[in-house]
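Understanding the architecture of this molecule
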Amino acid sequence: MKTETYDLLALNERDDAVSRVISHVLRLSEEGDYAPGERLPNEAMLSEQVGVSRTPVREAIKVLEAVGLVEVRRGVGTFLRPNTIAALGQLLLFQREIARTTPQQLYEARLMTERSAARLLAQHRTLEDLDRLREINQRLRDLAAQGADSEDLMRADIAFHAAIYDRCSNPLIGSLGRFVTALFAPWIKKSIEFGGGERAAANHDLLIGMIEAQNPGGASEAAVDRVVEEGLIYWQTTLHEAQ
């Protein structure tokens, strides 16, 4: 089975940092560098080997743990699980399915996780949570006012949603949400180019307000990213007219 398995992980043909880490770990396993049950390189070493920050390394390990390819032992390390063929097959099927996914379908998956995370956060938010969300959103607003490019605005927008996932009290929803958002990043960027960073920040204000009011239903509804939604409609219409 030592073929181009890890090449199949080029999600939607973009060089996503999380998928690069996943590919690297699979390569280590498939080429026999690490046997089942053996401890993998630590977070700092994987970060250096792949050439990414530690954040995508953490997210990649969460994905690999979720599908059963690795076992994370807190305070000890991350280990390859024995008998991982079934788990690997599951991951590869998922990646193949992702390759056939349309932007609209990916947006719907993102919306599902985002709404769940927002609802959960609204139920137990703290003042620290609110301060953090406002701080990140102000960063997006400042970048928009400074005329920052769409790449910086996209990263600031994703950082806001990542903060919701990180604080929603459900690590699985958080990991899935971050993963799907990473896949959806190219369309977030296009949508910000279409709608602007200030408008995205204004939408975030509505979501923060519902979370502050501890209104789960309102937070779930406010999680609909109207800039992204309208941007998708615009790009789909443009593509249709070009055909």
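Up top you'll find the structure we're talking about.
Reading guide: rules and limits
- Residues numbered from 1 in each chain as written.
- Predicted model: local features only at pLDDT ≥ 70, side-chain atom pairs only at ≥ 80, totals over all residues.
- Heavy atoms only, no water.
- Axes fitted to C-alpha atoms, helices over the stretch in contact; angles between N-to-C directions.
- Helix = DSSP H or I, 4+ residues; strand = E, 2+ residues; numbered from the N terminus.
- Parallel < 35°, antiparallel > 145°, perpendicular 65-115°, else oblique.
- Left-handed = near helix turned anticlockwise from the far one by under 90°.
- Contact = heavy atoms within 4.5 Å.
- Nonpolar A, V, L, I, M, F, W, Y, C, P; charged D, E, K, R; others polar.
- 1 Å grid on protein atoms, 1.4 Å probe; cavity = no way out; pocket = protein on both sides within 12 Å on 5 of 7 lines; lining within 4 Å.
- Points joined across faces, edges and corners; volume = space filled by probe spheres on them.
- Expected span 1.5 Å × (residues − 1).
- Buried < 20%, exposed > 50% of the residue type's maximum accessible area, 1.4 Å probe, protein only.
- Phe/Tyr/Trp six-rings, centres within 6.5 Å; stacked < 30°, edge-to-face > 60°.
- Lys NZ or Arg CZ within 6 Å of the ring centre and 35° of its normal.
- Core = buried A, V, L, I, M, F, W, Y, C linked by side-chain atoms within 4.5 Å.
- Salt bridge = Lys/Arg side-chain N within 4 Å of Asp/Glu carboxyl O.

Digging into the packing of helix α5 (residues 103-124) against helix α9 (residues 197-212)
The geometry of α5 relative to α9 is characterised by a closest axis approach of 8 Å and an angle of 40° between their N-to-C directions. The orientation of α5 with respect to α9, classified from their angle, is oblique. Considering how the two elements wind past one another, α5 and α9 form a crossing that is right-handed. When α5 is examined against α9, the residues E114, A118, L121 and A122 are found in contact with a partner set consisting of L207, M210 and I211. Split by residue class, the contact of α5 with α9 holds six nonpolar, no polar and one charged.

Quick notes on the layout of surface pockets
Looking at the second largest pocket, its volume works out to about 430 Å³. Taken together, 20 residues make up the lining of the second largest pocket; nearest its centre are E43, I61, V72, R74 and T78. Contributing elements (two or more residues each) for the lining of the second largest pocket: α2 (43-50), α3 (54-66), β1 (70-73), β2 (77-80) and α8 (171-195). Here the lining of the second largest pocket gets six residues from one element, more than from any other, and that element is α3. Of the residues assigned to the lining of the second largest pocket, the class counts are nine nonpolar, four polar and seven charged.

Side note on α5
Between its first and last C-alpha, α5 extends 32 Å over 22 residues, near the 32 Å set by a 1.5 Å rise per residue. Where α5 is concerned, the buried positions are L106, Y107, R110, L111, T113, E114, A117, A118, L120, L121 and A122.

Topic: the packing of aromatic side chains
Going through the model one piece at a time under the given rule, you end up with zero aromatic pairs. Across the ring face of F79, the terminal group of R73 is positioned such that the distance to the ring centre comes to 3.9 Å.

Re unusual backbone geometry
Among all residues save glycine, negative phi is the norm, and among peptide bonds the norm is trans. Of note, the phi angle at S169 is positive, near 80°, even though the residue is not glycine. Among the structural elements, S169 can be located in the loop between α7 (150-166) and α8.

Re the packing of α7 against α9
At a minimum axis separation of 10 Å, α7 and α9 run at an interaxial angle of 10°. Judged on the interaxial angle alone, α9 and α7 are roughly parallel. Of the residues in α9, those in contact with L153, D157, F160, H161 and I164 of α7 are G197, A200, H204, L207 and I208. Among the residues making up the contact of α7 with α9, the classes are represented as six nonpolar, three polar and one charged.

A few points about the nonpolar core
Core analysis: the largest hydrophobic core is formed by 39 residues, its most contacted members being V21, I22, I61, L64 and V70. No other element matches the eight residues that α8 contributes to this core. If you look at the next biggest cluster of nonpolar residues, it comprises 20 residues, including I136, A163, I164 and I208.

Comments concerning the pattern of salt bridges
Tallied over the full model, the rule gives eleven salt bridges. Residue R167 is joined to D129 by a salt bridge in which the shortest nitrogen-to-oxygen separation is 2.6 Å. Separated by 38 residues along the polypeptide, R167 in the loop between α7 and α8 and D129 in helix α6 (residues 127-145) bring together distant segments of the chain. With relative accessibility at 22%, the residue R167 sits in the partly exposed group. The class for D129 is buried, based on a relative accessible area of 7%. A salt bridge links R134 to E212; its shortest N-O distance comes to 2.9 Å. Note that R134 is positioned in helix α6 and E212 in helix α9, a separation of 78 residues in sequence. Connected via shared salt-bridge partners are E43, R54 and R58.

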